[in-house]
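Each chain, written out:
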Amino acid sequence: MLSPRSSTHRTVLALDGLWDITFSNGDSFPTAVPGSWNSQHPAHRDDLDPVIYRTSFWIPTALSGSRLRLWFGSVNYEARVSIDGAHVGSHIGGHLPFEFDVSELAAGHHSLAVGVDAALRADRVPPGDLPPGHGFQAGGWPPAAFDFFPYGGIQRSVLLESSDHLAVETITVDPLLDGHVRLGMSGPAAPRRCRVIDPATDFATDWIDVDAEGLSEGVAWVQVPSPRHWCPADPHLYIAEIETLRDDVVADSVQQRFGIREVRVNGDQLLLNGEPITLRGFGRHEDAPAHGRGASNAHAVLDHDRMTWCGANSYRTTHYPYDEAQLDLADELGFLVVSETPAVGLYFVGPDQEQRAEIARQQLRELIARDRRHPSVIMWSLANEPVSEPRPERSLAFFEGQHALAKRLDPTRPTTVAGWQMVDEPSFGIVDVISVNRYFGWYTEPGRIAEGAAAFAAELDSLHERFSRPILVSEFGADALAGHHADPPEMWSEEYQAEFLSAYLDVIDARSWVVGAHVWNLCDFRTSQGITRAGAMNHKGVFTQDRRPKAAAHELRRRWKLRPGS
Ligand code: ADA
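This is a predicted model, so every value here is computed, not measured.

Enquirer: Give a detailed account of the nonpolar core, specifying residues and quantitative values.
Expert: Within soluble globular proteins, side chains that are nonpolar tend to cluster in buried spots. Judged by nonpolar contacts, the single largest core of 109 residues is most densely connected at Tyr 53, Leu 70, Val 114, Phe 282 and Phe 476. By size, the runner-up hydrophobic cluster in this structure holds 19 residues, among which are Ile 171, Leu 183, Val 224 and Phe 258.

See below:
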């Protein structure tokens, strides 16, 4: 599914702005879209019951009769959409786009209502409100089986796109390092042609007719001369342009950016364009005051700036797909992104397993369909911290299926699963890269950084011995209350957090087969209330929630930016 975009033959109307929201108790207020209602309406902070969003929009006379699609960037968690009182459709699952064809709408003024249900349930992904003894639930409120606040809302843009009825509907771009680019496309059967443009030089290849023979699927190969390979040092982007013809007249034109690069695993190394790469960066969250999880280009720009300030080149989209504008930024700035599904807190006992598995499969398909075009996306994370015990064989079977599905949909990228410290992750023998979330010296060996680092080193060496494939340390960190200091360092102080990260990075830097280090977390972020989350916040950020650096951020900048490799 192509995200809506303007062109010479396409028009996009944004329905973002102030809508009305009505809560289950009848309260009704203006509310911002995109946004989360929990962070805009404090009286409803912990309210996850179904709400109804309402707005209205115009269809101009000039656009009536065209192909009209109503597109949602993300609604968390379940959306039911109606226009002028008539049901249009529904979608289950947050953080990924969905759309409806509304071409039958006449020119004029229309009402739009979206019912949103954000309830935490065991048959959802991510799950919550688990039956006792099922999965892992930290006991917080609201009862999420994951460690971030379960914001609800229309959390990304709502767009109405007008195009010709013959317009292309999907595009895949698969470039080879030698400059051969495979352009795949689907949509109503029609003659199409395509070319590649280099915006840096205004060079354009000749138009290539798409071999479709009246089929809905078409393929063309375009040769880019002397290709510039996309990489962090030179994140060069090309543009694929596709035109659709009706009676030899252009009826649709659409452009798609892409990068020419290759990522693959070779033994215990991760290669980008044939050269070993090291990922330095963070786990993150889409989280900010007032916005909650609502998309914010300003926060995306600021967070990429802060990661660059630290000398980072990478992040994982923990623990759900991020707004696509973040990936567009990563494409332009040369970040290396591990794109993660919303499958955090999966478990494999109880009556709802098949529902969760089916939703997780749908989410992986939607994630790859949306993100495979981004050169910055170098790996698919199939899950974060699955609770594989007490039925590891079920967990293994599930991830064998997810790994195979990912390879079928996109054979060009490695897969990973981020395992937690408590258990032996069965899928580590399946995925291409092993990701480990480790907190020795925090949750275990509390107050003892040296002991924690030694335990961390011993387990890393054991994992490498057993699996001999690349290892990404996908999480490591310590909570620090900004402004709290101690000498000698003690837990929750800025000094302890900085020393903890430094000790782990010494262990990591000494092992060439550790292909990356993602600090947990870039920023402090909101969680459910709980006895281990002061102020309902996870304080493992190296920046505060309003993006102010703690001592740990300066330590990372020293190691990664000012004196890299020191
Ligand atoms: C886990 C989890 C993170 C966060 C972290 C922590 O590894 O993946 O989301 O909860 O622990 O801060 O404890």
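Once the structure has been displayed, the description carries forward.
Enquirer: A description of the pattern of salt bridges should follow, citing residues and the corresponding values.
Expert: Tallied over the full model, the rule gives 43 salt bridges. When the shortest N-O distance is used, the salt bridge between Arg 10 and Glu 161 registers 3.3 Å. One end of the pair, Arg 10, is in the segment before β1 (11-14); the other, Glu 161, is in strand β12 (residues 158-163), and 151 residues separate them in sequence. For the residue pair Arg 10 and Glu 161, the accessibility class agrees, reading buried in each case. Salt-bridge contacts for Asp 252 lead to Arg 10; the nearest nitrogen and oxygen are separated by 2.8 Å.

Enquirer: Account for the site of the ligand, with residues named and values stated.
Expert: Around the ligand sit Asp 147, His 319, Asn 384, Glu 385, Asn 437, Tyr 439, Tyr 443, Glu 475, Trp 520, Arg 533, Asn 538 and Lys 540, and those are all the residues in its vicinity. Interatomic distance of 2.9 Å between a side-chain N/O atom of Asn 384 and an oxygen atom of the ligand. Between an oxygen atom of the ligand and a side-chain N or O atom of Lys 540, the distance comes to 2.7 Å.

Enquirer: Explain the packing of helix α7 (residues 494-509) against helix α8 (residues 551-562) to me, using residue names and the numbers behind them.
Expert: Running from amino to carboxyl end, α7 crosses α8 at an angle of 30 degrees, the nearest separation of the two axes being 8 Å. If you check the angle between α7 and α8, you find them roughly parallel. You can see that α7 and α8 cross each other, and the crossing is right-handed. Note on element contacts: α8 touches α7 through Ala 551, Ala 552, Glu 555, Leu 556, Arg 559 and Trp 560, opposite Glu 494, Gln 497, Ala 498, Leu 501, Ser 502, Leu 505, Asp 506 and Asp 509. Among the residues forming the contact of α7 with α8, the class breakdown is 7 nonpolar, 2 polar and 5 charged.

Enquirer: Tell me what's going on with the sheet that holds strand β14 (residues 180-186), and back it up with residues and numbers.
Expert: Spatially, the 3 strands line up as an open sheet ordered β13-β14-β18, and their pairing is antiparallel. The outermost strands of the open sheet, each flanked by one partner alone, are β13 (170-175) and β18 (217-223). Within this sheet the neighbouring strands show an average axis-to-axis angle of 15 degrees, counted without direction. Inspection of the sheet shows β14 paired to β18 by 7 bridges, in the antiparallel sense. Considered in β18, the bridge of Leu 183 is made with Ala 220.

Enquirer: Mind laying out the sheet that holds strand β21 (residues 263-266), listing which residues take part and the relevant values?
Expert: Pairing is antiparallel in the open sheet, where 3 strands are placed in the order β21-β22-β23. Looking at strand neighbours, the two that pair on one side only are β21 and β23 (275-276), the edges of this open sheet. In the sheet, β21 pairs with strand β22 (residues 269-272) via 4 bridges, with the strands oriented antiparallel. Across the sheet, residue Arg 264 finds its bridge partner in β22, namely Leu 271.

Enquirer: Explain the environment of Arg 558 to me, and be specific about the residues and the numbers.
Expert: Within the secondary structure, Arg 558 is located in helix α8. Exposure remark for Arg 558: the relative accessible area of 27% places this residue in the partly exposed category. Distance from Arg 558 to Arg 466, taken between C-alpha atoms, is 34 Å for residues 92 residues apart in sequence. Within the structure, the side chain of Arg 558 is placed 2.9 Å from the side chain of Glu 555, a separation counted as a polar contact.

Enquirer: Tell me about the packing of helix α2 (residues 297-310) against α8, and please be specific about residues and values.
Expert: Relative orientation and spacing of two packed helices are given, respectively, by the angle between their axes and the distance between those axes. At a minimum axis distance of 7 Å, the contact between α2 and α8 shows a crossing angle of 60 degrees. Between α2 and α8, the crossing angle belongs to the class labelled oblique. Counted together, Thr 308, Trp 309 and Cys 310 of α2 and Ala 553, His 554, Leu 556, Arg 557, Trp 560 and Lys 561 of α8 form the full contact between these two elements. Residues belonging to the contact of α2 with α8 are distributed by class as follows: 5 nonpolar, 2 polar and 2 charged.

Enquirer: Can you tell me about the pairing of strand β27 (residues 377-384), naming the residues and giving the values?
Expert: Burial runs high along β27: 8 of the 8 residues are buried. In this view, the connection linking strand β26 (residues 336-340) to its parallel neighbour β27 by way of helix α4 (residues 353-371) has right-handed handedness. With 3 bridges connecting them, β27 and strand β28 (residues 415-419) associate as parallel partners. Bridge assignment links Ser 381 to a residue of β28, and that residue is Thr 416. Read from β27 through helix α5 (residues 392-409) to β28, the crossover connection turns out right-handed.

Enquirer: Residue-level account of the environment of Val 173, with values.
Expert: Counting through the fold element by element, Val 173 comes out in strand β13. Separated by 83 residues in sequence, Val 173 and Ser 90 have C-alpha atoms that sit 29 Å apart. When sequence neighbours within four positions are dropped, the list of residues in contact with Val 173 reads Val 181, Arg 182, Leu 183, Ala 240, Gln 256 and Phe 258.

Enquirer: Which residues make up the side chain of Asp 331, and what values go with them?
Expert: When you line up the elements, Asp 331 lands in helix α3 (residues 324-333). The charged side chain of Asp 331 is buried without a salt bridge, its nearest counter-charge being Arg 257 at 4.6 Å. Within polar-contact distance, the side chain of Asp 331 engages the side chain of Ser 376 at 2.6 Å. Setting aside residues up to four positions removed in sequence, Asp 331 forms contacts with Trp 230, Pro 235, Leu 237, Arg 257, His 374, Pro 375 and Ser 376.

Enquirer: Describe the packing of aromatic side chains, listing the residues and the values that go with them.
Expert: Within the structure shown, the criterion is met by 27 aromatic pairs. Arranged with centres 6.0 Å apart and planes meeting at 65 degrees, the rings of Trp 309 and Phe 543 form a pair that is edge-to-face. In this pair, Trp 309 is assigned in helix α2 and Phe 543 in the loop between β33 (537-538) and α8, connecting sequence segments 234 residues apart. A relative accessible area of 18% places Trp 309 in the buried class. Members of the aromatic cluster, joined through ring pairs, are Phe 146, Phe 148, Tyr 315, Tyr 320, Tyr 322 and Phe 335. Cation over ring: Arg 284 sits above Tyr 315, and NZ or CZ is 4.6 Å from the ring centre.

Enquirer: Could you give an account of unusual backbone geometry, naming the residues involved and the relevant values?
Expert: Backbone torsion omega between Val 33 and Pro 34 reads 0 degrees, so that peptide bond is classified as cis. Position of Pro 34 relative to the elements: it lies in the loop between β3 (28-33) and α1 (37-40). For the peptide bond that leads from Glu 389 to Pro 390, omega is 0 degrees, which places it in the cis range. Locating Pro 390 in the fold gives a position in the loop between β27 and α5. Here the phi dihedral of Asp 247 falls at roughly 55 degrees; this positive angle occurs in a residue that is not glycine. Relative to the helices and strands, Asp 247 is located in the loop between β19 (238-246) and β20 (249-258).

Basis of the calculations
- Residues numbered from 1 in each chain as written.
- Predicted model: local features only at pLDDT ≥ 70, side-chain atom pairs only at ≥ 80, totals over all residues.
- Heavy atoms only, no water.
- Core = buried A, V, L, I, M, F, W, Y, C linked by side-chain atoms within 4.5 Å.
- Buried < 20%, exposed > 50% of the residue type's maximum accessible area, 1.4 Å probe, protein only.
- Salt bridge = Lys/Arg side-chain N within 4 Å of Asp/Glu carboxyl O.
- Helix = DSSP H or I, 4+ residues; strand = E, 2+ residues; numbered from the N terminus.
- Near = heavy atom within 4 Å.
- Polar contact = N/O pair within 3.5 Å; in protein donor to acceptor, adjacent residues only side chain to side chain.
- Axes fitted to C-alpha atoms, helices over the stretch in contact; angles between N-to-C directions.
- Parallel < 35°, antiparallel > 145°, perpendicular 65-115°, else oblique.
- Left-handed = near helix turned anticlockwise from the far one by under 90°.
- Contact = heavy atoms within 4.5 Å.
- Nonpolar A, V, L, I, M, F, W, Y, C, P; charged D, E, K, R; others polar.
- Pairing = 2+ DSSP bridges.
- Right-handed = clockwise from strand over helix to strand, strands pointing away.
- Lys, Arg positive; Asp, Glu negative; His and termini not counted.
- Phe/Tyr/Trp six-rings, centres within 6.5 Å; stacked < 30°, edge-to-face > 60°.
- Lys NZ or Arg CZ within 6 Å of the ring centre and 35° of its normal.

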